[in-house]
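A look at the structure
Single-letter residue listing:
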Amino acid sequence: MKLDASELIALLKGDSQADKVVPPSGYTATLTLFTSAAMAFLAVFALALSLATGRLADRWASELARSSTVRISAPAGQIDAQTRAALEVLRTTSGVASAKALSQEEQRKLLEPWFGPDLPIENLPVPQLIEVIEDASGYDSDGLRLRLSAEAPGAVLDDHTRWRKPLIKAADRLRFLGLLSILLIALATGAMITLAANAALSANAQVISVLRLVGAHDAYIARAFVRRFTLRALSGALVGVVVGMVAIAFLPSASEAGGFLTGLGFQGWHWLLPFVIPPLAALVAFWATRTAALRRLKELT
């Protein structure tokens, strides 16, 4: 059964007589509708999770890629002098857009999530931190380390490389897992629809025999099953997508405090992506039903 233009038109147009071969209700219809809706619902969440994870990791990687930290660990009497020397080195370094020594209050805020708001930072040997922001061209980290070691021996440059690489790797893996989840959902949908189509074909074996006696071709009979199950999958998936999008719309919006857990919704034009799921579900149903119908009709010969 080749799907040329005329076959596609016939499939979309349908045939009221051929449609009667497939029962309009019953457990096969319920199974197809429920499976399509449930799998589409899960696909929406898998897609949202993949996109949200990618956005978060990209934002973190982008922020860390342009920022660096210089940590100065030295005796109390030398910290101020080495800080000034390090700032002078950074000011004359090509690729450094700005450099700022953090105040005690700013360093206290950085440590507050771990040690609480009442940390006596002025009485502790906390290293002096310098925030470095690079421009679009970037700087030579190896060369900067050599200059800092000469001018400020207690200065250590952290360009956040060890933070960026795991984030990028995690983002790639989570995107892959999201796509893999959608693929597995599609395969599970195809398997369930294949079972439902086989059950419907077996239940209508006598009707199929009569149709053959009056001259109906297998392509004509199979088309009725393909059309009915494709439309069921399309309508079920559409319901599942709508319910999934409504559920995602009620999730908490993204916030800095919540981080990943509050950023699972779609953003911008990504809200249109879930509407690709129903046509894909219909395509899976079409392929699965056509394959099952042609194989089953040969067995019933």
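Scroll up a little and you will see the structure.
Residues numbered from 1 in each chain as written. Predicted model: local features only at pLDDT ≥ 70, side-chain atom pairs only at ≥ 80, totals over all residues. Heavy atoms only, no water.

It is worth spelling out the pattern of salt bridges at this point. With the rule as written, the count across this model stands at 4 salt bridges. With its nearest N and O atoms 2.5 Å apart, the salt bridge here joins arginine 91 to glutamate 88. Taken together, the residues arginine 91 and glutamate 88, both in helix α4 (residues 79-91) and 3 residues apart, mark about one turn of the helix. Arginine 91 sits in the exposed class, given a relative accessible area of 60%. (Salt bridge = Lys/Arg side-chain N within 4 Å of Asp/Glu carboxyl O. Helix = DSSP H or I, 4+ residues; strand = E, 2+ residues; numbered from the N terminus. Buried < 20%, exposed > 50% of the residue type's maximum accessible area, 1.4 Å probe, protein only.)

You can see serine 68 is positioned in strand β1 (residues 67-72). At 2.6 Å, the side chain of serine 68 forms a polar contact with the side chain of tyrosine 139. Look past the residues within four positions of serine 68 in its chain and what remains in contact with it is Ile130, Glu131, Val132, Glu134, Tyr139, Leu157, Asp158, Asp159 and His160. (Polar contact = N/O pair within 3.5 Å; in protein donor to acceptor, adjacent residues only side chain to side chain. Contact = heavy atoms within 4.5 Å.)

Next up on the list: the sheet that holds strand β4 (residues 155-158). Strand pairing in a sheet relies on backbone hydrogen bonds. The paired strands run either parallel or antiparallel. Strand order across the open sheet formed by 4 strands is β2-β3-β1-β4, with antiparallel pairing between neighbours. One side of each edge strand has no neighbouring strand; the edge strands of this open sheet are β2 (96-101) and β4. Averaged over all adjacent pairs, the angle separating strand axes in this sheet is 20°, with direction ignored. Across 4 bridges, the pairing between β1 and β4 is antiparallel. Of the residues in β4, the one forming a bridge with arginine 71 is valine 156. (Pairing = 2+ DSSP bridges. Axes fitted to C-alpha atoms, helices over the stretch in contact; angles between N-to-C directions.)

Within soluble globular proteins, side chains that are nonpolar generally end up buried alongside one another. Ranked by size, the top nonpolar core spans 17 residues in total, and within it Ile193, Leu201, Ile208, Ile221, Phe225, Phe229 and Leu297 carry the most contacts. Of all the secondary-structure elements, those providing two or more residues to this core are α7 (161-203), α8 (205-213), α9 (218-249) and α10 (277-299). Here leucine 297 is in contact with Ile208, Arg212, Asp218, Ile221 and Ala222, once residues within four sequence places are set aside. With 15 residues, the next largest nonpolar core counts Val241, Met245, Phe266 and Ile277 among its residues. (Core = buried A, V, L, I, M, F, W, Y, C linked by side-chain atoms within 4.5 Å.)

Glancing now at the pairing of β1. In this structure, β1 lies alongside strand β3 (residues 128-134), joined through 6 bridges in antiparallel fashion. Directly across from valine 70, in β3, lies its bridge partner isoleucine 130.

For serine 36, the position within the fold is in helix α3 (residues 27-66). The exposure class assigned to serine 36 is buried, which follows from its relative accessible area of 2%. Placed 242 residues apart in sequence, serine 36 and proline 278 show a C-alpha to C-alpha distance of 8.6 Å. Those residues within four positions of serine 36 in sequence are excluded, and the remaining contacts are Ile193, Arg232, Ala233, Gly236 and Ala237. At 2.8 Å, the side chain of serine 36 forms a polar contact with the backbone oxygen of threonine 32.

Function-wise, these values are silent; they only describe arrangement.
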